[in-house]
Amino acid sequence: MAERRSGAAEGLAQGLARLSEWADAHLSLLRSLSAGMAVAGLLVLARSVRLTAKFTSALDIPVEFVEKNVKLRGKLHRVTEKGMEVEHIPISIPFITSIQRKWQSKGLLLVRLAGVELAPSGMAWLQQELKPKQMIWFQLLRREDLALDCLVLVNKGRFLSVCLNEELLRQGLGRTARIEGLHHDSHLYWKLHKRLLRAELKALKKNKGIWKEESYSERIRDRISNNKFVQTLKQFASWLRSSIQR
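Note that the coordinates shown come from a computational prediction; the quantities given were computed from them, not determined experimentally.

Trainee: What is the right way to read the side chain of Gln134 from this model?
Mentor: Residue position: Gln134 is located in the loop between helix 5 (120-129) and strand 5 (135-144). If near-sequence neighbours (up to four positions away) are discounted, Gln134 is found in contact with Gly74, Lys75, Leu76, Glu129 and Val154.

Structure (structure tokens):
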């Protein structure tokens, strides 16, 4: 029994000695691994800080966020002629968020609807449909000075979201415009542009919004120009003008 115990002790001692020798031989490797883990931790922390940072100005948003068309969340404050004033609501991570709140400044982002030329009736519709403090999502497409051109999404119910850019065109409250900030030969540009065109076409077919107003005015002009009394007045004016010239 004693011999077995001594043999086990010797085996354990030999194993520890070999482990120590291996650690001494690969000390530089272990140091590199620990340094790499530390760097990776710092990178993860830096990424977390950027994701949890509250943007109070369009200039605060990193360029790669715009280039990658990142979606951000925000709380609507008001709708103006320049666009929607939105308070950015960042991702919340315990400890990091609590520290950041101590030094975060206040400010609102100016969000515009990309690819839409808004009609005056569209502005009134937005002010009526959107409520203050309403949560929205906005996908970054372009940054121009202090303004952000975005696709804006609002929740309708628990499982449904509506793109405001498309909805305004679908209601005939604006016209399709070029989507600035995206390369015109890119897949994303044509994908979004087709969506907007399809929404505008639906309003055009149903004579909704501005399309209804334009078709009505055109009909009025046609009726006036085809009226016999108006045609007689035109003929008289033409005869009178030629008589005076003689």
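That was the structure; now back to the text.
Trainee: Looking at this structure, I do not really get the pattern of salt bridges. What am I missing?
Mentor: Proximity of charged atoms lets side chains of opposite charge pair with each other. Per the stated rule, a full pass over the model turns up nine salt bridges. Where Glu87 meets Lys54, a salt bridge forms, and the shortest distance between an N and an O atom there is 2.7 Å. Of this pair, Glu87 sits in strand 2 (residues 84-88) while Lys54 sits in the loop between helix 2 (27-52) and helix 3 (63-67), and the two are 33 residues apart along the sequence. By relative accessible area, which is 16% here, Glu87 ends up buried. Residue Glu144 is joined to Arg112 by a salt bridge in which the shortest nitrogen-to-oxygen separation is 2.6 Å. Linking Glu144 in strand 5 with Arg112 in strand 3 (residues 109-113), this pair joins segments that are 32 residues apart in sequence. The network of salt bridges with common partners includes Arg112, Arg142, Glu144 and Asp149.

Trainee: Looking at this structure, how should I read the pairing of strand 1 (residues 71-79)?
Mentor: On any regular strand, side chains alternate: one points to one face of the sheet, the next to the other face. Sheet analysis places strand 1 next to strand 5, joined by five bridges and oriented antiparallel. Residue pairing in the sheet places Arg73 in a bridge with Trp137 of strand 5. For strand 1 and strand 2, the ladder comprises five bridges, and the chain directions are antiparallel. By the bridge assignment, Gly74 is partnered in strand 2 with His88. The turn linking strand 1 back onto strand 2 is made up of four residues, and Gly83 within it adopts a positive phi angle of 150 degrees.

Trainee: Could you clarify how one ought to interpret the environment of Lys106 in this entry?
Mentor: By the element assignment, Lys106 lies in the loop between helix 4 (96-100) and strand 3. By relative accessible area, which is 82% here, Lys106 ends up exposed. For the pair Lys106 and Ser57, spaced 49 residues apart in the sequence, the C-alpha separation amounts to 9.1 Å.

Trainee: Help me understand the side chain of His193, please; the structure alone is not making it clear to me.
Mentor: Looking at the element boundaries, His193 is found in helix 7 (residues 187-205). Aside from chain neighbours lying at most four places away, what touches His193 is Thr176, Ala177 and Ile179.

Trainee: Quick question: what am I supposed to make of the layout of surface pockets here?
Mentor: By volume, the largest pocket is sized at about 330 Å³. Lining the largest pocket are 24 residues, with Lys82, Arg112, Leu113, Val116 and Leu118 positioned closest to its centre. Broken down by secondary-structure element, the contributors of at least two residues to the lining of the largest pocket are strand 3, strand 4 (116-118) and helix 5. Looking at the lining of the largest pocket residue by residue, the class counts come to 13 nonpolar, three polar and eight charged.

Trainee: I tried to follow the packing of aromatic side chains on my own but got confused; where do I start?
Mentor: For any pair of aromatic rings, the description consists of the separation of the ring centres together with the inter-plane angle of the planes. This structure, assessed with the given rule, holds two aromatic pairs. Each ring, one from Phe55 and one from Phe65, has its centre 5.9 Å from the other, and the planes form 85 degrees; the classification is edge-to-face. Here Phe65 lies in helix 3 and Phe55 lies in the loop between helix 2 and helix 3, a separation of ten residues in the sequence. With relative accessibility at 6%, the residue Phe55 sits in the buried group. Note on Phe65: relative accessible area 11%, which makes it buried. Pairing Tyr189 with Trp190 gives two aromatic rings, centres 5.4 Å apart and planes at 85 degrees, and the pair type is edge-to-face. Among the residues examined, Trp190 registers a relative accessible area of 42% and is labelled partly exposed.

Trainee: Any chance you could explain the nonpolar core here in plain terms?
Mentor: A general feature of soluble globular proteins is that nonpolar side chains tend to end up buried together. Formed by 41 residues in total, the largest nonpolar core has its most connected members in Met84, Phe138, Leu140, Val152 and Leu164. Residue contributions to this core peak at five residues, all from strand 6 (residues 147-155). With residues near it in sequence (within four places) discarded, Leu164 still touches Met84, Leu113, Trp125, Leu126, Leu130, Val152 and Val154.

Rules behind the numbers
Residues numbered from 1 in each chain as written. Predicted model: local features only at pLDDT ≥ 70, side-chain atom pairs only at ≥ 80, totals over all residues. Heavy atoms only, no water. Helix = DSSP H or I, 4+ residues; strand = E, 2+ residues; numbered from the N terminus. Contact = heavy atoms within 4.5 Å. Salt bridge = Lys/Arg side-chain N within 4 Å of Asp/Glu carboxyl O. Buried < 20%, exposed > 50% of the residue type's maximum accessible area, 1.4 Å probe, protein only. Pairing = 2+ DSSP bridges. 1 Å grid on protein atoms, 1.4 Å probe; cavity = no way out; pocket = protein on both sides within 12 Å on 5 of 7 lines; lining within 4 Å. Points joined across faces, edges and corners; volume = space filled by probe spheres on them. Nonpolar A, V, L, I, M, F, W, Y, C, P; charged D, E, K, R; others polar. Phe/Tyr/Trp six-rings, centres within 6.5 Å; stacked < 30°, edge-to-face > 60°. Core = buried A, V, L, I, M, F, W, Y, C linked by side-chain atoms within 4.5 Å.

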